[in-house]
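Observations on chain architecture
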Amino acid sequence: MATIPTTDLHPILAEEIGQILANRKIRDKGAYLARLLRNQELAIHDAEPTLQLLRPLVNAMDQAIATTEPPSHSPTKRSKKSEYAFLVCVIQQLELWIGGSTEGMLEQNQQAMEIATEADDWATVAWAIGNQAHIVLERGKAEDALALQQKGLAIAREKRLPKAQWVNHLNAIAELLYERFKQPAQALEVSDEVFALLADGQFPPTALWLSFHTRGRIVFNMGKFEEGMRLWATAQNIGFDSGQTMLGIRSANDIITQLFIKGEYTVALEYARSIETPLSSGFASGTTVQLLLIIVRMLLKLNELPAAREKLLQTLQHAKAIETPLLRLQIHMALARLYLAEGDAIAGEHQATEAIAIAEHHRLPLPYRSTAVVLLGETYQAQGRLEEAEQAYQQALPSVAIAATIHRLLAELYEASGNSDAAIGHYLKTVETGGGENRMIANQQLAKIFKSQGDFQQALEYYQRYHELCRHADQERSNNRMMMLRVQYRIDQLEEQSLRERQQKEQAHTTLHATEADLNAMRIALIEHQHQVRALRTRLQAIMGTIEQEKNVAALGELRSLAQEVGDTAGGNRAQWQASLRSSNKEFHHRLLAQHPALPPALALLCDCIHSGMTADAILSVLHISPDALHKRRHRLRKALGLRPNQQLDSYLQRL
């Protein structure tokens, strides 16, 4: 199927849809545009501009379907309905990709599914079911989403739809199993089924990316850090190499996020800088903004404030075209952290308050609201408003996801106000509930407090714990760096392997060209030989014409001389072209005799002629036999080679 490059898709869609809307020929052009879309690997970064062009077209097609005169079951109306349902699925998938609102999507998707079912367009039905699964998942109905994905997979198999649709449903099922149902072993089995399908054919880049990305998340959450990172790195390369920049960024986002969570800020920042070009390319997406916000947080952790401000300004530029509550909340929190790090706690307080308002208005999940409240408490603490800071921390404490961080902040607050007993209590809770940086800080501070109180035995114990955690963290950093080096080394290996394969192909092409040149030279020699034979025959006919009824001694002498010359010439030329033929078919001749050692020389010579691509006329000329003799010789050759009646002699020799 012809594919237009994704970089050219945008102008094509703009031109086509512009003509459709300008000429008001919805009934004539809608189906053509839908077919155009079906033939593309739609670039995800074209989502928002494409949506702006498609929405009015779909609305117009909806009205056109409602007013079409033919009966509802006529081929014309069924075709219109099918194309309408398909375009609805395109729009919904793009809106889901960019994180748009799902309000009203479920009803519209159900309508598209029913229309596609009436039109027997099962590919669109399966697609609509997949979209519906994503919509209900956004509403927290994981079991319904899983059932829908399984239904879509069953339809794809039953109706023998393209394997890419099987892969998409299987990947969605695998992700639901490990992320929502906490069943990584079952998810991995589904992923194994996906890769068995991938090994059996060609798939579009989006299906390949989704398969590697999903498997990376599964194995990572099973504790296989290195394998997960390798799979994500592969998914990232598939996304960038295929022009699907958003997909590449999405995989890079997972890699960098995990490094950030593990406290590997320097390594994560180095990795982020390695994909600076696609991040700066201007594609606005929620994933891009989230990744840029993580980079901002890393820069703040490393106290690189000017770089953090510059990166945050770049993030705001990307976020202008995106209106999702979660991203707006995250941006306000990033601004609050930046102002707090720069010493402007009042500006930070304003941004944290805005974030809380967004979280409450849109009823975002508790961890997001609690994180914003904690950040507000940090701005209060920086201003010396300790009671308000304590209230904010206590308000956020029910959030289990960030409980360790809240206990640590409360402990630091009580320690600063001189309440050592309360500080010790919260540091101990930090040790119980937290890990990584929180636990390290808590052990260190407990050691300092007990030392200041004269309890040196307790202080020594917590210093030892702090030392062990530091040593473990250093070892983990070293392991992570080694893992990243192994991933890079593997990529380098693959590039070297690709280079070697390319060189081998070039060498094979060179050998092929040389063989073709030898064959051409042999063909020229054969033509020259044929010309000499024709000239000798002409002379022979002239001599025969001069021979009378009685003996003509002079003519007979000349005839004997000519016969000797013909024999010498023919024999010499025959030996010459046979040697040339054998030389150009040397490997073939060896394989032929290895498989058929009892093959007579005459039949082996015929095999060389056929394998060299000589025509029947050429073979007749060089072997000096009649067509009937050639036919009989081919028949004997087939018997000698043991060919079945339905096997072609020429094809067998070419494949040998």
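Residues numbered from 1 in each chain as written. Predicted model: local features only at pLDDT ≥ 70, side-chain atom pairs only at ≥ 80, totals over all residues. Heavy atoms only, no water.

It is worth spelling out the overall build of the chain at this point. Counting its secondary structure elements, the chain contains 30 helices and 0 strands. Counting the 656 residues in the chain, one finds 44% classified as buried. Here the contacts in the chain between residues at least 6 apart in sequence split such that 62% fall between residues at least 24 apart. With an accessible surface of roughly 34,500 Å², the chain has 51% of that area assigned to carbon and sulfur atoms. (Helix = DSSP H or I, 4+ residues; strand = E, 2+ residues; numbered from the N terminus. Buried < 20%, exposed > 50% of the residue type's maximum accessible area, 1.4 Å probe, protein only. Contact = heavy atoms within 4.5 Å. Areas by Shrake-Rupley, 256 points an atom, 1.4 Å probe, with all protein chains shown as cover.)

For the rest of this paragraph, the subject is the side chain of H332. Within the secondary structure layout, H332 lies in helix α17 (residues 325-341). Engagement of the side chain of H332 in a polar contact is seen with the side chain of Q351, the distance being 2.7 Å. Non-local contacts of H332, meaning those with residues more than four positions away in its chain, are made with Q351, E354, A355 and I358. (Polar contact = N/O pair within 3.5 Å; in protein donor to acceptor, adjacent residues only side chain to side chain.)

Let us look at the packing of aromatic side chains. The tally for this structure, following the rule as stated, stands at 5 aromatic pairs. Taken together, a centroid distance of 5.3 Å and an interplanar angle of 50 degrees make the contact between F220 and F225 tilted. Here F220 matches F225 in class, with each residue buried. On the numbers, 5.5 Å between centres and 55 degrees between planes, the contact of F260 with Y265 is tilted. Look at F260 and you get buried, because its relative accessible area is 13%. According to the relative accessible area criterion, Y265 is buried, its value standing at 14%. (Phe/Tyr/Trp six-rings, centres within 6.5 Å; stacked < 30°, edge-to-face > 60°.)

Quick look at the packing of helix α11 (residues 225-241) against helix α12 (residues 245-261) now. Between α11 and α12, the least distance of the axes is 6 Å, while the angle of their chain directions is 155 degrees. The angle between α11 and α12 places the two elements in the roughly antiparallel class. Two packed elements cross with a definite hand, and for α11 against α12 that hand is left-handed. Contacts between α11 and α12 involve F225, M229, W232, A233, A235, Q236, G239 and F240 on the former and, on the latter, T245, L247, G248, I249, S251, A252, D254, I255, Q258 and L259. In the contact of α11 with α12, the residues fall into 11 nonpolar, 6 polar and 1 charged. (Axes fitted to C-alpha atoms, helices over the stretch in contact; angles between N-to-C directions. Parallel < 35°, antiparallel > 145°, perpendicular 65-115°, else oblique. Left-handed = near helix turned anticlockwise from the far one by under 90°. Nonpolar A, V, L, I, M, F, W, Y, C, P; charged D, E, K, R; others polar.)

To continue, consider the state of the cysteines. The tally for this structure, following the rule as stated, stands at 0 disulfides. The cysteine C607 is free of any disulfide, with C609 supplying the nearest cysteine sulfur at 9.2 Å. Using a relative accessible area of 0% as the deciding quantity, one classes C607 as buried. (Disulfide = S-S within 2.5 Å.)

For the rest of this paragraph, the subject is the packing of helix α8 (residues 163-179) against helix α10 (residues 205-221). Close contact between α8 and α10 brings their axes to 10 Å; oriented N to C, the two are set at 20 degrees. It follows that α8 is roughly parallel to α10 by the angle criterion. The interaxial crossing formed by α8 with α10 has left-handed handedness. Of α10, the residues touching α8 (which contributes V167, N168, N171, A174, E175, Y178 and E179) are A207, L210, S211, T214, R217, I218 and N221. Tallied by class, residues from the contact of α8 with α10 come to 6 nonpolar, 5 polar and 3 charged.

Turning next to the confidence of the model for the chain. In the predicted model, the chain carries a mean pLDDT of 78, and the fraction of residues at 70 or more is 73%. Scored below 50 in pLDDT, residues 1-10 shows 19 contacts in the model against residues more than four places distant or in partner chains. This model gives residues 24-29 a pLDDT under 50, and the stretch forms 13 contacts once residues within four places in sequence are excluded. (pLDDT = per-residue confidence, 0-100.)

For the rest of this paragraph, the subject is the side chain of S370. Within the element layout of this structure, S370 appears in helix α19 (residues 366-382). When residues no more than four places from it in sequence are discounted, the contact partners of S370 are A396, S399 and I402.

Applying the stated criterion across every chain yields a total of 13 salt bridges. A salt bridge links E412 to R408, with the nearest nitrogen and oxygen atoms 3.0 Å apart. In this pair, E412 and R408 are both assigned in helix α21 (residues 403-416), 4 residues apart and thus about one turn of the helix distant. Judged by its relative accessible area of 26%, E412 is partly exposed. Taken together, the salt bridges that share partners define one network made up of E175, E179, R217 and D254. (Salt bridge = Lys/Arg side-chain N within 4 Å of Asp/Glu carboxyl O.)

Next up on the list: the nonpolar core. Residues V167 and F203 are the most contacted members of the largest nonpolar core, which totals 48 residues. Those elements that provide at least two residues to this core are α4 (75-97), α5 (105-118), α6 (122-138), α7 (142-158), α8, α9 (184-198), α10 and α11. With 9 residues, the top contributor of residues to this core is α8. Not counting residues within four places of it along the chain, the set of residues in contact with F203 comprises K163, A164, V167, L197, L198 and L208. (Core = buried A, V, L, I, M, F, W, Y, C linked by side-chain atoms within 4.5 Å.)

One non-glycine residue, R160, lies in the positive phi region at around 55 degrees. Among the residues examined, R160 registers a relative accessible area of 74% and is labelled exposed.

The next subject is the environment of Y178. Its location among the elements puts Y178 in helix α8. On the accessibility criterion, Y178 (6% relative accessible area) is buried. Placed 36 residues apart in sequence, Y178 and T214 show a C-alpha to C-alpha distance of 9.8 Å. Y178 has contacts with Q183, P184, A187, T214, R217, I218 and N221, leaving out every residue within four places of it along the chain.

Here we come to helix α28 (residues 616-623). Those residues of α28 not exposed but buried are A618, I619, L620, V622 and L623. Backbone geometry just after α28 places H624 at a positive phi near 55 degrees.

To continue, consider the environment of L643. Mapped onto the elements, L643 comes out in the loop between α29 (627-641) and α30 (649-655). Leave out the neighbours within four places in its chain, and L643 touches R638, L649 and Y652.

Here the focus is α9. For α9, with 15 residues, the first-to-last C-alpha span of 21 Å sits near the 21 Å given by 1.5 Å per residue. For α9, the set of buried residues is A187, L188, V190, S191, V194, L197 and L198. For α9, the angular spread of the buried residues around the axis is 165 degrees, confining them to a single face. Facing away from the buried side of α9, by more than 90 degrees, are the exposed residues E189 and A196. (Expected span 1.5 Å × (residues − 1). Arc of directions from axis to C-beta.)

Mapped onto the fold, H426 is located in helix α22 (residues 420-433). A sequence separation of 17 residues divides H426 from L409, and the C-alpha atoms of the two residues are 8.6 Å apart. Residues within four places of H426 in sequence aside, it is in contact with H407, L410, A411 and Y414.

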